[in-house]
Amino acid sequence: MRINPAKCVACGNCTYVCPMEAIYIDPVLKRATINRDECVECYACFNGLSQEHLNPTMVRTVRNLFKMMRVRFEPEPDVCPTAAFEPDKLEWPRVVRRAFSDPRVPHESTGVEGRGTEEVKTNDVSGRVKVGEVGFTIEFGRPGVGARFYEIQKMSQTLARAGVSFEKKNPVTSLMSDVATGTIREDILNEKVMSAILEIKVPVERTEEVIRLVWDVEKQISTVVALGVGTRCDENGEDNVVAPILERLGYKLERAKTNIGLGRINAVQQKTDAKEVVHA
Amino acid sequence: MTNTLHRFGDAESFRDDYVVFAIASKGKNDQDALPKLRRFLEIAREYKPVNLGDARHGGALRPSKEMNPMSHWQRDMTPDFDAVIAGLDHPTTCAAVFDDRVKAEDFVKRIREEDLGLSVNISTSIDGAEQCCHYAGIPRHSVGYSLGFEGHTEKLPNDRVMMLSTMCGHGMVSHQLARKMIDWVKEGRRTPAEAVTYMARFCSCGVFNPARAKRVLESVIHQNGQPLTQLQAQSQTNADE
């Protein structure tokens, strides 16, 4: 992303909307400026700000006049008055930033659509997490801190050493140069993203072990981690297995995403699945 | 994606926050997914949601690329649910946000009866989702718990800011904007209802809850030495009596 200096009037609205606090008014240039190392190409500024198309010279004149009189002009806070934001063409490896930060774009850089996988959201049709298994989503950088891949790699390598395998369709997995060791390709290690998720699945007996590994790595990295734990309920819709483990570890369970089991595999696809079973 | 899961707050703070979303899994139940997702949104509209959205186009309040300068004085702040439904052009995650348990329960029951075949999830407090399932006569299939935020949490802002900014799980509502809106409400420069719309426009999938956000912002206002929320609760109790 870039801000066109010919258009920017330094109103400052964009400095507040950047989730990474990467935009500031340069005191010499007197224009909004992006710290490119901190910018994660999330496009919140470009997509989220409404745009007016006012004449920049006129706006600057009015603003300077008001400033001289110590009058505060109070426009809407979610507007760029001169439509000064201009997306620039992103090259590798910077394109990875956008893939993990702008929720509206598919993962072109990774070949995986979406920013994570469907985890338990479609478990009723995918059967991904079965009874006796636990699916983890280990998310780095959110909310509003960001993460670099070298931090994520510390976690992935630790988990790999413990013999944990990663979800194949996950975008971070697709950027690993060696999935067996959890090693992420070297040319993106310093790239910063809004958030990235490692996804793993283990037998329920390993729940505590994995959480303790996560706790250890959290101390070695400089970002925040949001942990999600998914499991299959029993035939009565109860989970009397995983929740007690989490509570024993000190977690107070407040919020959850509950799959209510209304998904149904389409008839045609069921037939295809049946054929595949026959061939197998 | 975990964009509705990790909202900041305790279970009680989710009393007016029920996100119900539908999703089709590629190669599993995505046949005719588009009309089914549209139907999901149309039904949701009947139950008076506070937001509707799809993951490609956003929610019922959206930014404008051609804003009229006069809008600074007469900006339309009405959520446009019709635009969300009409704009759905690709199978993607569709969400409806309710600020009331009864509305959410009725909607979930209706969705069960419609039998769309889509995967449907409820993101709220664990008890809230269980009550919805119980009312609709559905046993929970799977559950994904949020264990909250860990690691270097000293980098995170205060509770009110977190409650606002994490309502866009994709991180599009910045901490700074949330903080600014709290300040503006405190200073009387904007009403809570106005401040909420500025934040909601940044949410790119429509799961931001304007009703809960308004409640959070109202908690910073005091009248005659009492929090506005407390006065509203008293007035509601008096009306009920």
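These numbers were taken from a predicted model, which means no experiment stands behind them. (Residues numbered from 1 in each chain as written. Chains lettered and ligands numbered in written order. Predicted model: local features only at pLDDT ≥ 70, side-chain atom pairs only at ≥ 80, totals over all residues.)

Peer 1: So what exactly am I meant to see when it comes to the overall build of chain A here?
Peer 2: When helices and strands are counted, chain A shows 10 helices and 14 strands. Here the C-alpha radius of gyration of chain A, 23 Å, is well above what a compact globule of 280 residues would show, namely 19 Å. Taken along the three principal axes of its C-alpha coordinates, chain A extends 75 × 45 × 35 Å. Within chain A, the fraction of its 280 residues that count as buried is 48%. Restricting the contact set of chain A to residue pairs at least 6 apart, pairs at least 24 apart contribute 74%. (Helix = DSSP H or I, 4+ residues; strand = E, 2+ residues; numbered from the N terminus. Rg over C-alpha atoms; globule rule 2.2 N^0.38 Å. Buried ≥ 20, exposed ≤ 12 C-beta atoms within 10 Å, placed from the backbone. Contact = placed C-beta atoms within 7 Å.)

Peer 1: Would you take a moment to explain the domain arrangement of chain A for this structure?
Peer 2: For interface size, the figure often reported is the accessible area lost on association. All names here are of chain A. Along its sequence, chain A is carved into domain 1 (2–88) and domain 2 (106–279). Between the C-alpha centres of domain 1 and domain 2 the distance comes to 38 Å. At the interface, five residues of domain 1 touch five residues of domain 2. For the side of domain 1 that touches domain 2, the residue count by class is four nonpolar, no polar and one charged. (Domains from an automatic or database assignment. Nonpolar A, V, L, I, M, F, W, Y, C, P; charged D, E, K, R; others polar.)

Peer 1: Explain the packing of helix α6 (residues 175–186) of chain B against helix α7 (residues 192–200) of chain B to me, please; I cannot follow it from the model alone.
Peer 2: Each pair of packed helices can be described by the angle between their axes along with the distance between the axes. Residues and elements named next belong to chain B. Packing of α6 against α7 brings their axes to within 10 Å, and their N-to-C directions diverge by 165 degrees. With respect to their mutual orientation, α6 and α7 come out roughly antiparallel. The hand of the α6/α7 crossing is right-handed. Contact residues: Leu177, Ala178, Met181, Trp184 and Val185 in α6; Pro192, Ala195, Tyr198 and Met199 in α7. Residue composition of the contact of α6 with α7, by class: nine nonpolar, no polar and no charged. (Axes fitted to C-alpha atoms, helices over the stretch in contact; angles between N-to-C directions. Parallel < 35°, antiparallel > 145°, perpendicular 65-115°, else oblique. Left-handed = near helix turned anticlockwise from the far one by under 90°.)

Peer 1: Help me understand unusual backbone geometry in this model?
Peer 2: The phi torsion of most residues other than glycine is negative, and most of the peptide bonds are trans. At the junction of Trp92 of chain A and Pro93 of chain A, the peptide bond is cis and its omega measures out at 5 degrees in the coordinates. Tracing the chain through its elements places Pro93 of chain A in the loop between β6 (85–86) and α4 (95–99). Residues Arg142 of chain A and Pro143 of chain A are joined by a peptide bond in cis, for which omega reads 10 degrees. Note on placement: Pro143 of chain A falls in the loop between β7 (133–140) and β8 (147–148). Phi at Asp115 of chain B is positive, roughly 55 degrees, even though this residue is not glycine. Inspection of the secondary structure assignment puts Asp115 of chain B in the loop between α3 (101–114) and β4 (119–125).

Peer 1: Quick question: what am I supposed to make of helix α3 (residues 56–68) of chain A here?
Peer 2: Note that an α-helix has 3.6 residues per turn; residues three or four places apart therefore point the same way. Residues and elements named next belong to chain A. Look at α3: 18 Å from first C-alpha to last across 13 residues, which is about the 18 Å you get at 1.5 Å a residue. Along α3, only one of the 13 residues are buried, which leaves the element largely exposed. Positioned one or two residues after α3, Arg70 has a phi angle of 55 degrees, which is positive. (Expected span 1.5 Å × (residues − 1).)

Peer 1: Where do I start with helix α4 (residues 126–136) of chain B in this structure?
Peer 2: Within the span of α4 of chain B, buried status applies to Ile126, Gly128, Ala129, Cys132 and Cys133 of chain B. Mapping the buried residues of α4 of chain B onto a view down its axis gives an arc of 170 degrees, with all of them on the same face. The elements touched by buried residues of α4 of chain B are β14 (255–259) of chain A together with β1 (18–23), α3 and β4 of chain B. At the exit of α4 of chain B stands Gly137 of chain B, carrying a positive phi of roughly 70 degrees. (Arc of directions from axis to C-beta.)

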